[in-house]
Amino acid sequence: MENSIPDKKRSSKIKNGADSAQSPATQAHPGKRSAPVNGPNNGGAAIGVADVDKLVADALARIAAAGTPEQLEKTRLNLIGRKGVLPLALRAIKDRSAEDKRRLGPALNQARTTVEAAVRQRALSLSKSVFESLVDDEAIDVTEPLPRTALGHIHPTEHVRREVEDIFRSMGFEVVRGQEIDDEENNFDLLNIPASHPARDLWDTFWLKKPEAFKESSVAATKNRLLLRTHTSNMQVRVMRDRTPPLRIVNIGRVYRYESTDKTHETTFNQIEGFIVDESTTLGDLRGTLHTLFETIFGQKLVTRLRPSYFPFTEPSVELDMSCTFCKGKGCAVCKNTGWLEIGGAGMIHPNVLKNGGLNPNKFQGFAFGMGLERITMFKYGIDDIRWLLSADLRFLEQF
Ligand SMILES: [Zn+2]
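The text that follows walks through the structure, step by step, so that each part is easy to find. (Residues numbered from 1 in each chain as written. Predicted model: local features only at pLDDT ≥ 70, side-chain atom pairs only at ≥ 80, totals over all residues.)

Examining the overall build of the protein
- When you go through the protein residue by residue, the secondary structure sums to 15 helices and ten strands.
- Taking all 400 residues of the protein together, the buried fraction comes to 29%.
- Within the protein, counting contacts between residues at least 6 apart in sequence, those at least 24 apart form 67% of the total. (Helix = DSSP H or I, 4+ residues; strand = E, 2+ residues; numbered from the N terminus. Buried ≥ 20, exposed ≤ 12 C-beta atoms within 10 Å, placed from the backbone. Contact = placed C-beta atoms within 7 Å.)

Have a look at this one:
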């Protein structure tokens, strides 16, 4: 299109020249040789009206033959572009006789109009056919089955974590999160496990060095060492201090133990910790809560039982067992022929822990429990080695 405006100007000049065809011949140009009229030196463009017709027929054939918008543009430039066939022919007649100009000028201008119209028409039909071929080539058949692409999926441990959280929420619990790097005070002392207490040996701990910058601060002055939390109970006293009972809290997160690994032990795993504090909750409520949890997760009727045990932060303390989900209590390799699976530890919150949380143990009471998320995941899916869960081995993960 850029070419059309100058072309038009040029063609109108010539038109004017043709209309006042007499002027160049009659006007005197002193000192300047006037152009020869119809002389031999006219650029060899001795074309007649018949040639113009032929030129138009040829141009129309070429336009019709252009199969793509790109080809059409080439043809257009070649025919009516600045150096195209028609503009050149128009320019060439400026030296012709007035009679020739009168005949050829209008004929060439008419030819130009015809060619321009044909180009426009062809461009329109080409753009239509481009659109039609797009419709054909890129149409989407929504009913066509696609090749299966691997999308990946949630890790089995994460899947069970979400399920456990949902079940607790449905029972009115609030889900909290806590830090994985914590101090000795929140991980041990406030939970009734002072440094001198032999029970500390139950948790082999990763101790952390305090950063240099830390040593100047008042925190460093205390003997409150940093560690990787050994259980998610590290949030228990914090929550008690922050809120007013009744409390229904569950905290699932990563914990660390400095111990050797085997089929049932990992240095890094997830713990489900939860507790209730109010004025009337009992061990019976604990059993009912966990029974509901397990029957929902495993999707089957189960028997649960409590056995006496010892933990520093609960009194009394219990071990929680459920009937073996693999043999329904008859005895198998997984339950070592006992018919029971050990699933967690629990008890009534120790009065000292309540006191550390700023609560009066004569008024408030409640239960607390802890269990391994991976252990439940293993029972749910029949996984025989806990180390698979952190292995990132696709042969394992793709089975879920
Ligand atoms: Zn069994």
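Let's pick the thread back up.
Looking at the nonpolar core
- Formed by 48 residues in total, the largest nonpolar core has its most connected members in Val277, Ile349 and Phe367.
- Ranked by size, the runner-up nonpolar core spans 16 residues in total, among them Leu72, Leu90, Leu104 and Ala107. (Core = buried A, V, L, I, M, F, W, Y, C linked by C-beta atoms within 7 Å.)

Considerations on the sheet that holds strand β9 (residues 340–349)
- Spatial ordering of the open sheet is given by β1-β5-β6-β10-β9-β8-β7, a layout of seven strands whose pairing is mixed. In this open sheet, the two edge strands, each paired with only one partner strand, are β1 (174–175) and β7 (304–311).
- In the packing of helix α7 (residues 156–170) onto the sheet, contacts are made with β1, β5 (247–256) and β6 (268–277), and the angle to β5 comes to roughly 165°.
- Seen against the sheet, helix α12 (residues 283–298) touches β7, β8 (314–323), β9 and β10 (367–372) and runs at an angle of roughly 120° to β7. (Pairing = 2+ DSSP bridges. Axes fitted to C-alpha atoms, helices over the stretch in contact; angles between N-to-C directions.)

Concerning the pairing of β5
- In terms of burial, β5 is a largely internal element, eight of the ten residues being buried.
- Two elements, β5 and β6, share ten bridges in a ladder whose sense is antiparallel. Note on β6: the bridge partner recorded for Leu247 is Val277.

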